[in-house]
Amino acid sequence: MSHFQPVALEHASRLINHGPTVLVTSADGSRRNVMAAAWSMPVEFTPPRIAVVIDKHTFTRELAMASGTFGICVPGAAFIDHTYAVGSSSGREMDKFAKYGIETVQGPVLGLPLVETGCAAWMECRLIREPHTEDAYDTCFGEVVAAAADSRVFANGHWNFDGSNAGLHTLHHLGAGIFVPVSNQVRAKPL
Ligand SMILES: Cc1cc2nc3c(=O)[nH]c(=O)nc-3n(C[C@H](O)[C@H](O)[C@H](O)COP(=O)(O)O)c2cc1C
């Protein structure tokens with residue numbers, strides 16, 4: 001049973017505000033793919049816009065440019081091995097969803113392959129063409145047109161990381177396959 005619930009678009013930036021490693025999903029016709037990306041961030045609240053570095057040599061970049069869309073999924077700690085695997089192999093040679101047994105759901109607006117099992121959240125994005133930043137910095141921009149999150153870890157517009165949902169704690173890449181999952185939340189007090 002899925003615990004995913006829609007996230008209001010004005011809250012979509014919060015899904016990656018804290019810099020988790022994400023999965024970038026893509027599809028064009030019968031071709032589909034997924035890769036890991038450590039470099040993504042929100043760039044605008046309303047309309048919700050994000051940036052993600054997608055190297056020009058990746059199959060993901062080819063599919064995103066061909067379709068004008070991409071998905072962002074936020075893997076949980078229990079999905080660490082899958083996350084590293086899809087970041088260490090190319091979809092040009094195989095269907096990584098099938099190879100690594102990654103279940104997909106179809107995005108409601110753009111029809112993109114999205115991952116719920118093992119992930120804490122997802123966004124469907126329409127590519128905003130910016131040829132200069134794409135070419136010079138491999139940085140691709142997208143407008144979020146749909147978002148959802150697992151209500152056990154993100155509800156009412158906020159993350160709730162605690163001991164009850166450790167498998168859904170987001171992953172932060174230190175390099176070379178070493179990740180740190182988010183830990184206890186702490187709240188800043190007014191000084
Ligand atoms: C943890 C992790 C983070 C990564 N972050 C990025 C990133 O931010 N941008 C990028 O272009 N590639 C990144 N990569 C590399 C791609 O995931 C990798 O090149 C992948 O094989 C591309 O797959 P594709 O050719 O199927 O699209 C990362 C890899 C790992 C393991």
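This text follows the structure it describes.
Report follows, based on the coordinates.

Here is what the cut-offs are and how they apply
- Residues numbered from 1 in each chain as written.
- Predicted model: local features only at pLDDT ≥ 70, side-chain atom pairs only at ≥ 80, totals over all residues.
- Helix = DSSP H or I, 4+ residues; strand = E, 2+ residues; numbered from the N terminus.
- Rg over C-alpha atoms; globule rule 2.2 N^0.38 Å.
- Buried ≥ 20, exposed ≤ 12 C-beta atoms within 10 Å, placed from the backbone.
- Contact = placed C-beta atoms within 7 Å.
- Arc of directions from axis to C-beta.
- Near = placed C-beta within 6 Å.
- Nonpolar A, V, L, I, M, F, W, Y, C, P; charged D, E, K, R; others polar.
- Core = buried A, V, L, I, M, F, W, Y, C linked by C-beta atoms within 7 Å.

To continue, consider the overall build of the protein. The helix and strand inventory of the protein stands at four helices and 14 strands. Relative to the compact-globule value of 16 Å for 191 residues, the protein shows a C-alpha radius of gyration of 16 Å, a close match. For the protein, the spread of C-alpha atoms along the principal axes amounts to about 45 × 35 × 30 Å. Looking at the protein as a whole, 39% of its 191 residues qualify as buried. Of the contacts made within the protein by residues no fewer than 6 positions apart, 68% connect residues no fewer than 24 positions apart.

Further remarks concern helix α1 (residues 59-67). For α1, the full list of buried residues reads T60, R61, L63 and A64. Projected down its long axis, α1 shows its buried positions confined to an angular sector of 170°, all on one face. Buried positions along α1 lie against β2 (22-28), β3 (31-37), β6 (69-75), β9 (119-128) and β10 (139-150). The positive-phi residue at the C-terminal boundary of α1 is G68, with phi of around 75°.

The omega angle of the peptide bond from T46 to P47 is -5°, so this bond is cis rather than trans. By the secondary structure assignment, P47 is in the loop between β4 (40-44) and β5 (49-53). The phi torsion at D138 lies on the positive side, around 55°, for a residue other than glycine. By the secondary structure assignment, D138 is in the loop between α4 (131-137) and β10. Exposure remark for D138: the 16 C-beta atoms within 10 Å place this residue in the partly exposed category. One non-glycine residue, N156, lies in positive phi territory at about 55°. Residue placement: N156 occurs in the loop between β11 (154-155) and β12 (158-159).

In this section: the site of the ligand. Close contacts around the ligand come from 21 residues, with D55, T58, T60, G87 and G91 the closest. Within the residue set of the shell around the ligand, elements represented by two or more residues are β3 and α1. At four residues, the largest contribution of residues to the shell around the ligand is made by β3. A class-by-class count of the residues in the shell around the ligand yields nine nonpolar, ten polar and two charged.

What follows deals with the nonpolar core. Core analysis: the biggest nonpolar cluster contains 43 residues, and L15, V24, I72, C73, A121, W122 and A147 have the highest contact counts within it. Breaking this core down by element, the ones donating at least two residues are β2, β3, β5, α1, β6, β9 and β10. With residues up to four places along the chain from it excluded, the contact list for W122 reads G71, I72, C73, L114, V115, A147 and A148.

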